[in-house]
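These are the residues of each chain, in order.
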Amino acid sequence: MTASVGRLSQDKLSESVPLQPIAERKVHTYDEALVEAGFGRAQIVLTLVAGLAVMASANESMGMGMILPASQCDLDLDLSRKGAIGGAVLLGIMVSTYYWGYQTDVRGRQSVLKVTLLTTFALSVAASCANNFYVLLVLRFLAGLFISAPSSAAIVYLGEFCPANRRGQMVTYSCVIGAAGLAYVALVAWWILSYDWLIVVTESFTIRPWRLLFLINGLPGLVVGIVICFFPETPKFLLAQGRNWEALEVLRWMHRWNKGHDEFYDVYALQVECQTIDSNVPQKTKNRRLWNQLAPLLKSPYWIYLVACSIQTASVYVTYGGLSMWFPQIMHLVYSSNSPSNSQFCSIIQSSNTSQTIEVASPSQHACSDTLPPETFIYTLTLGTLCSAFILLNSLLLSKFTEKPLIYANLTAAGLVGAALQHVSHTYTVAALFCLQIAVGGVTIVLIRSLQVSIFGTEVKATAVALTTLAGRLGQVVSNVLFGTLLVRQCSGTLYLVAALLLLSVALNVLLP
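Quantities reported herein were computed from a predicted structural model and do not represent experimental measurements. Every chain is numbered independently, its residues counted from 1 as its sequence is written. For this predicted model, a pLDDT threshold of at least 70 governs which residues receive local features, and a threshold of 80 or more governs which side-chain atom pairs are given and counted, while totals over whole chains, interfaces and linings are taken from all residues. Only hydrogens and water are removed before side-chain values are computed, so all heavy atoms of the structure are retained for them.

Engineer: So what's going on with the packing of aromatic side chains? Residues and values would help.
Structural biologist: By convention, a stacked pair of Phe, Tyr or Trp rings (six-membered ring in the case of Trp) has centres within 6.5 Å and planes under 30 degrees apart, an edge-to-face pair has planes over 60 apart, and any other such pair is tilted. If you walk through the whole model with that rule in mind, you get 11 aromatic pairs. Residues Phe231 and Trp253 carry aromatic rings whose centres are separated by 6.1 Å and whose planes lie at 85 degrees to one another, so their mutual orientation is edge-to-face. Of this pair, Phe231 sits in the loop between helix H9 (209-227) and helix H10 (235-240) while Trp253 sits in helix H11 (residues 244-259), placing them 22 residues apart in sequence. In this structure, Phe231 and Trp253 share a single accessibility class: buried. By definition, any uninterrupted DSSP run of H or I lasting at least four residues is a helix, any uninterrupted run of E lasting at least two residues is a strand, and each is numbered from the N terminus. A simple rule labels every residue: compare its accessible area, found with a 1.4 Å probe on the protein chains alone, to the largest value its type can have, and call it buried under 20%, exposed over 50%, or partly exposed in between.

Structure representation (structure tokens):
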């Protein structure tokens, strides 16, 4: 328990609150205890902390899109090497996602957030000093191993501090902050890379503006990694560990933050819903094996929820992760095409390149330039702004509706927009529909995660979120690799396939509670 909570001895507690006779004390459920603790400053601050943790995760992957073109001269990066470095981060995320979910359920949400965020920033500092391709490749893979944890652990951490009627809304607010990471990355890169200075350290090592981007992109993670040290573990996790007295201390801390010191917290005993580890068992036996952590998810109804959420998450990652990568190049082809103004989208794409896949812009082989085209910043900034706006809108709607109807609405809208893309011809309409589909996909990721916080038990919650995130990352990697080729060769079929996946996810929503 951290210093911010403050350990109250039973003697001190008896002086500060009027104790009732044991026989008269009510045993509260965890949700009832949260309601008694109130809603206010504690949840607002924790929402900001969780949002910055999600932003830190997004910055590590999205930020490389800005850093790689700017570092190509210093590190001698061609297109294949850039792809390898970008893929190393995703590979690290995929390899470690389940492991960190397991550790979050066993060791605690706060502990995992602290370790992974601070380690990731340390690796970013090291990456800013990388002087060749191989060193940067290894460091980015290692960063991926650690940055996979915060995006899911932060959501679980926040969700377990919020009452059920406000949980989805606050989780969504935190993801508004996380989605702003796209805009943060674009604005910072636009500012830093507008300068062209050089500091010569040695003959083989120079400091240029792109190296600062590693540090600035990692700042949200550093801030949260330090701040989270002064916050407690979630009371629900402590309760599940059999540490009931510590759970009550955290709830009293929340009550003081929300309602002040003048009101008494009238909760003295908590109902143990699921005790995952016997507090009397030796520490060595508390380290459960991965299989023991996974086994409950293979039983009904959890396995149904897990499969449905995994397919849904993979579908929206294909949309949000795959389309967003190709969006700038697609828009470049649309706006620079010589096709008639009334040509449909697929006709423009196929006429632009009928014999090869769409290629991500690469620097000229005759002149090495660190300058990124303004479109790169503008498109990323636009997407980040739209995603934040859509997530904010959905968070407001969550005060009136639950996650399920909003998932229905967003997935249906994204599927219909994807199917309609090939039938539009106006360039601004194409851009608007693409932005809408990508932004709605990003919103749906948030809603699905919020729903998972409610439907999975404390002992497997983080593991379930990690597994569905792993499915999503797999969908993202596949779509990043294949989307360009498929769009050129089978434009209509590709758009219909993405739309079909989204509409399938709508149907799977029926299986969720």
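Engineer: Quick rundown of the nonpolar core? Include the residues and the values.
Structural biologist: Ranked by size, the top nonpolar core spans 92 residues in total, and within it Leu270, Leu297, Phe345 and Phe456 carry the most contacts. Here this core takes 15 residues from helix H18 (residues 427-455), the largest share from any one element. Counting residues in each nonpolar core, the second largest holds 29 residues, with Ala70, Ile93, Leu136 and Ile147 among its members. Only buried residues count toward a nonpolar core. Its members are Ala, Val, Leu, Ile, Met, Phe, Trp, Tyr and Cys residues joined through side-chain atoms within 4.5 Å.

Engineer: Could you give an account of helix H7 (residues 133-159), with specific residues and numbers?
Structural biologist: Helix length check: H7, at 27 residues, gives a terminal C-alpha distance of 40 Å against a target of 39 Å (1.5 Å per residue), a fit within 8%. Largest kink in H7: about 30 degrees, centred on Leu145. Burial within H7 is extensive, with 20 of its 27 residues counted as buried. Polar contacts here mean pairs of N or O atoms no more than 3.5 Å apart (in protein, one a potential hydrogen donor and the other a potential acceptor; neighbouring residues in sequence count only if both atoms are side-chain atoms). If you check the start of H7, you find a side-chain oxygen 3.1 Å away from the backbone N of Tyr134, and it comes from Asn132. Here a helix's expected span is defined as the number of its residues, less one, multiplied by 1.5 Å. Across the chain, bend at a residue is computed as the angle between axes fitted to the seven residues ending at that point and the seven starting from it.

Engineer: Account for the pattern of salt bridges, naming residues and giving values.
Structural biologist: We define a salt bridge as a contact between a side-chain nitrogen of Lys or Arg and a carboxyl oxygen of Asp or Glu at a distance within 4 Å. Taken as a whole, this structure holds 7 salt bridges when the rule is applied. Residue Arg140 is joined to Glu60 by a salt bridge in which the shortest nitrogen-to-oxygen separation is 2.8 Å. One end of the pair, Arg140, is in helix H7; the other, Glu60, is in helix H3 (residues 41-62), and 80 residues separate them in sequence. Among the residues examined, Arg140 registers a relative accessible area of 1% and is labelled buried. Residue class for Glu60 comes out buried when judged on its relative accessible area of 6%. Taking the shortest distance from any N to any O, the salt bridge between Glu246 and Arg243 comes out at 3.1 Å. You can call Glu246 buried: its relative accessible area is 17%.

Engineer: Describe unusual backbone geometry, listing the residues and the values that go with them.
Structural biologist: Cis geometry marks the peptide bond from Ser300 to Pro301; its omega dihedral reads 5 degrees. Inspection of the secondary structure assignment puts Pro301 in the loop between helix H13 (290-294) and helix H14 (302-336).

Engineer: I'd like a rundown of the environment of Val89, residues and numbers included.
Structural biologist: In this fold, Val89 is placed in helix H5 (residues 79-107). Taking relative accessible area as the criterion, Val89 reaches 3% and is therefore assigned buried. Taking the C-alpha atoms as reference points, Val89 and Gly144, 55 residues apart in sequence, are found 4.4 Å from one another.

Engineer: Explain the packing of helix H8 (residues 164-192) against H9 to me, using residue names and the numbers behind them.
Structural biologist: Across the interface, H8 lies against H9 with an axial gap of 10 Å and an inter-helix angle of 150 degrees. Taken as axis vectors, H8 and H9 run roughly antiparallel relative to one another. Crossing of H8 over H9 shows right-handed handedness. Contact residues: H8 offers Tyr184, Val185, Val188, Ala189, Trp191 and Ile192, while H9 offers Pro209, Leu212, Leu213, Ile216, Asn217, Leu219 and Pro220. Classification used: nonpolar for Ala, Val, Leu, Ile, Met, Phe, Trp, Tyr, Cys and Pro, charged for Asp, Glu, Lys and Arg, polar for all others including Gly. Tallied by class, the residues present in the contact of H8 with H9 amount to 12 nonpolar, 1 polar and no charged. The angle between two axes is taken between their N-to-C directions and runs from 0 to 180 degrees, where each axis is a line fitted to C-alpha atoms and a helix contributes only its stretch in contact. Roughly parallel refers to an angle under 35 degrees, roughly antiparallel to one over 145, roughly perpendicular to one between 65 and 115, and oblique to any angle outside these ranges. The handedness criterion is simple: a crossing whose near helix is rotated anticlockwise from the far helix by less than a right angle is left-handed, and one whose near helix is rotated clockwise is right-handed. Here, two residues are considered to be in contact whenever any of their heavy atoms come within 4.5 Å of each other.

Engineer: Lay out the environment of Leu504 in plain terms, naming residues and giving numbers.
Structural biologist: Structurally, the position occupied by Leu504 is in helix H20 (residues 491-508). Taking C-alpha positions, Leu504 is 9.5 Å from Thr412, a pair spaced 92 residues apart along the chain.

Engineer: If you had to explain the packing of H7 against H8 to someone new, which residues and values would you point to?
Structural biologist: Where H7 contacts H8, the two axes come as close as 9 Å, and the packing angle between them is 145 degrees. Where H7 crosses over H8, the handedness of that crossing is right-handed. Only Arg167, Met170, Val171, Ser174 and Cys175 of H8 make contact with H7, whose side of the interface consists of Ile155, Leu158 and Gly159.

Engineer: Outline H11, listing residues and values.
Structural biologist: A rise of 1.5 Å per residue sets the reference length of H11, with its 16 residues, at 22 Å; its end C-alpha atoms lie 22 Å apart and thus fit the reference within 8%. Burial in H11 covers these residues: Glu246, Ala247, Leu248, Glu249, Val250, Leu251, Arg252, Trp253, Met254, His255 and Asn258.

Engineer: Tell me what's going on with the side chain of Arg211, and back it up with residues and numbers.
Structural biologist: Relative to the assigned elements, Arg211 resides in helix H9. There is a polar contact of 2.7 Å between the side chain of Arg211 and the backbone oxygen of Ser128. Within the structure, Arg211 has its side chain in polar contact with the backbone oxygen of Thr206 (distance 2.8 Å). Not counting residues up to four positions away in its chain, the partners in contact with Arg211 are Ser128, Cys129, Ala130, Asn131, Phe205 and Thr206.

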